[in-house]
Amino acid sequence: MNSMGIRDNQTEIEKLSLMLSKIQNLYYKKKEQLEELQIEITELKEVLNFLNSLISNKSFQSADKIYTNHLQETDTKSIEEQYFIEEVPKESVKGTNIKRKIFSKGEEKDSKLLCVLNFVDFNQVEIKLIDPKDRSIRESSEEFITIFLRGALLKIKDDNPDLELGYDYFKDSKFIECIKLSNLKSMQEFDLITSKMRELLANQVNT
């Protein structure tokens with residue numbers, strides 16, 4: 001092969017490599033967006049399951065029929081607004097548990113479970129950290145204070161002064177193994193806690 005042929009071949013390889021890089025970046029970007037959508041879909045499904053259970057407990061009619069009637073009566077309020085703006089009766093939600101899981105980002109086979117959040121009786125949240133020593137989250141760390149305490153709990157406490165916070169630590173270390181919250185009053189509070197915990201873990205994994 002002459003020198004011109006070699007240069008042409010190298011140029012072609014460079015073009016193909018650049019194309020490969022762009023396609024790979026686009027692939028991983030789309031995959032990350034899909035993972036975020038799947039998380040949102042899972043969370044919406046949990047809310048829908050709770051609403052169906054709550055509505056069924058309030059009436060012998062099917063939840064779907066009540067929902068249809070409600071849409072015919074008004075289009076200014078969503079079903080979610082109806083049940084979360086008003087205080088939900090404690091007896092109606094007793095025994096409920098909404099569970100959410102947070103995974104590390106990346107290829108599905110390499111994705112790891114980072115923590116599990118349980119929202120019990122629309123009142124208590126237990127955040128169980130998986131492999132707390134690896135997570136290395138401390139109560140006094142700047143990221144924990146900035147992202148989780150200030151970003152979520154202090155905002156909630158402004159409107160909900162009854163909010164209580166407690167920790168379980170990993171063995172004899174300062175690493176948090178479980179975060180316990182009580183006296184929550186709405187799904188929005190749980191959403192904010194979930195969002196900030198996901199941000200905290202993503203930031204901690206990437207550093």
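Up top is the structure.
Residues numbered from 1 in each chain as written. Predicted model: local features only at pLDDT ≥ 70, side-chain atom pairs only at ≥ 80, totals over all residues. Heavy atoms only, no water.

**Some points on the sheet that holds strand β5 (residues 176–182)**
Across the sheet, which stays open at both edges, the 5 strands sit in the order β1-β2-β3-β5-β4 with antiparallel pairing between neighbours. Two strands in the sheet have a free side with no partner beyond their single neighbour: β1 (97–103) and β4 (164–169). This sheet shows a mean twist of 15° between the axes of neighbouring strands, independent of strand direction. Strand direction decides the pairing type here: strand β2 (residues 113–120) and strand β3 (residues 124–129), joined by 6 bridges, are antiparallel. Counted as the bridge partner of cysteine 115 is leucine 129 from β3. (Pairing = 2+ DSSP bridges. Helix = DSSP H or I, 4+ residues; strand = E, 2+ residues; numbered from the N terminus. Axes fitted to C-alpha atoms, helices over the stretch in contact; angles between N-to-C directions.)

**Considerations on a nonpolar patch on the surface**
Among the surface-exposed residues, Leu16, Met19 and Ile23 lie close enough to one another that they form a single nonpolar patch of about 310 Å² accessible area. By relative accessible area, which is 47% here, leucine 16 ends up partly exposed. (Patch = residues over 30% accessible without salt bridge, like charges linked within 9 Å, V, L, I, M, F, W, Y side chains within 5 Å. Areas by Shrake-Rupley, 256 points an atom, 1.4 Å probe, with all protein chains shown as cover. Salt bridge = Lys/Arg side-chain N within 4 Å of Asp/Glu carboxyl O. Buried < 20%, exposed > 50% of the residue type's maximum accessible area, 1.4 Å probe, protein only.)

**Remarks on the pattern of salt bridges**
Scanning all chains against the criterion turns up 5 salt bridges. Measuring nitrogen to oxygen at the nearest pair gives 3.3 Å for the salt bridge that ties glutamate 177 to lysine 128. Of this pair, glutamate 177 sits in strand β5 while lysine 128 is found in strand β3, placing the two residues 49 residues apart along the sequence. The class of lysine 128 is partly exposed, set by a relative accessible area of 33%. Aspartate 162 is the partner of lysine 185 in a salt bridge, and the nearest nitrogen-oxygen pair spans 3.7 Å. Linking lysine 185 in the loop between β5 and α7 (187–206) with aspartate 162 in the loop between α6 (142–159) and β4, this pair joins segments that are 23 residues apart in sequence.

**Considering the nonpolar core**
Within the largest apolar cluster, 31 residues are counted, with the highest numbers of intra-cluster contacts made by Ile127, Phe144, Phe148, Ile179, Ile193 and Met197. Counting only elements with at least two residues in this core, the list comes to β1, β2, β3, α6, β5 and α7. Top contributing element to this core by residue count: α6, with 7 residues. Each residue touching isoleucine 179, except ones within four places of it in the same chain, is listed here: Val125, Glu126, Ile127, Phe144, Phe148, Leu165, Gly166, Tyr167 and Met197. (Core = buried A, V, L, I, M, F, W, Y, C linked by side-chain atoms within 4.5 Å. Contact = heavy atoms within 4.5 Å.)

By themselves these figures say nothing about function.
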